[in-house]
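# Report on the structure
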Amino acid sequence: MNYIFDIDGTLMNIDHRRHFVEGETKDWKSFISHTVYDIPNTPVADVMCSLADNNNIFFLTGRKESQRDITIKQIEDCGCYIPTGDFLEDILLMRPDDDYRPDAELKS
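Owing to the predicted nature of the structure, the values given are computational and were not obtained by experimental measurement.

Rules behind the numbers
Residues numbered from 1 in each chain as written. Predicted model: local features only at pLDDT ≥ 70, side-chain atom pairs only at ≥ 80, totals over all residues. Heavy atoms only, no water. Helix = DSSP H or I, 4+ residues; strand = E, 2+ residues; numbered from the N terminus. Rg over C-alpha atoms; globule rule 2.2 N^0.38 Å. Buried < 20%, exposed > 50% of the residue type's maximum accessible area, 1.4 Å probe, protein only. Contact = heavy atoms within 4.5 Å. Lys, Arg positive; Asp, Glu negative; His and termini not counted. Charge placed at Lys NZ, Arg CZ, Asp CG, Glu CD. Salt bridge = Lys/Arg side-chain N within 4 Å of Asp/Glu carboxyl O.

## A word on the overall build of the chain
Within the chain, the regular secondary structure consists of five helices and five strands. Beginning at the N terminus, the succession of helices and strands in the chain can be written as β-β-α-β-α-β-α-α-β-α. Over its C-alpha atoms the chain spans a radius of gyration of 14 Å, differing by no more than 12% from the 13 Å that the globule rule assigns to 108 residues. Along the first, second and third principal axes, the C-alpha set of the chain runs to 45 × 25 × 25 Å. Classification of the 108 residues of the chain by burial places 37% in the buried group. Residue pairs at least 24 apart in sequence account for 70% of intrachain contacts in the chain once pairs closer than 6 positions are excluded. Of the charged side chains in the chain, 11 are positive and 21 negative, and the gap between their average positions amounts to 5 Å.

As structure tokens, then:
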């Protein structure tokens, strides 16, 4: 079976940086720069880990390609085996750096 996990606000807890983009004024630069402080959302990470042994896990995120390294580290920090290296290129789908579409449009 195949399972797809979103990163921001699903697999990763981003509550500490939401305030940068809530309300009328959006500070996307700060929102993105604080990605390094994200921590696994434990209940979701536990579900992912329970599925990882016998299923295919994929990741679809609105994060930009330039955030690939930190995103891979955070997936690894969830504590279960997800293949990394070249294989992760195929299962971690990210936004091109020059793509500014809304997440809902990007992921449809």
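## Section: the pattern of salt bridges
A complete count under the given rule lists 12 salt bridges for this structure. For the salt bridge of aspartate 38 with arginine 17, the shortest nitrogen-to-oxygen distance reads 2.8 Å. Remark: arginine 17 occurs in the loop between β2 (12–13) and α1 (28–33) and aspartate 38 occurs in the loop between α1 and β3 (39–40); sequence separation between them is 21 residues. Judged by its relative accessible area of 6%, aspartate 38 falls in the buried class. Overall, the relative accessible area of 1% leaves arginine 17 in the buried class.

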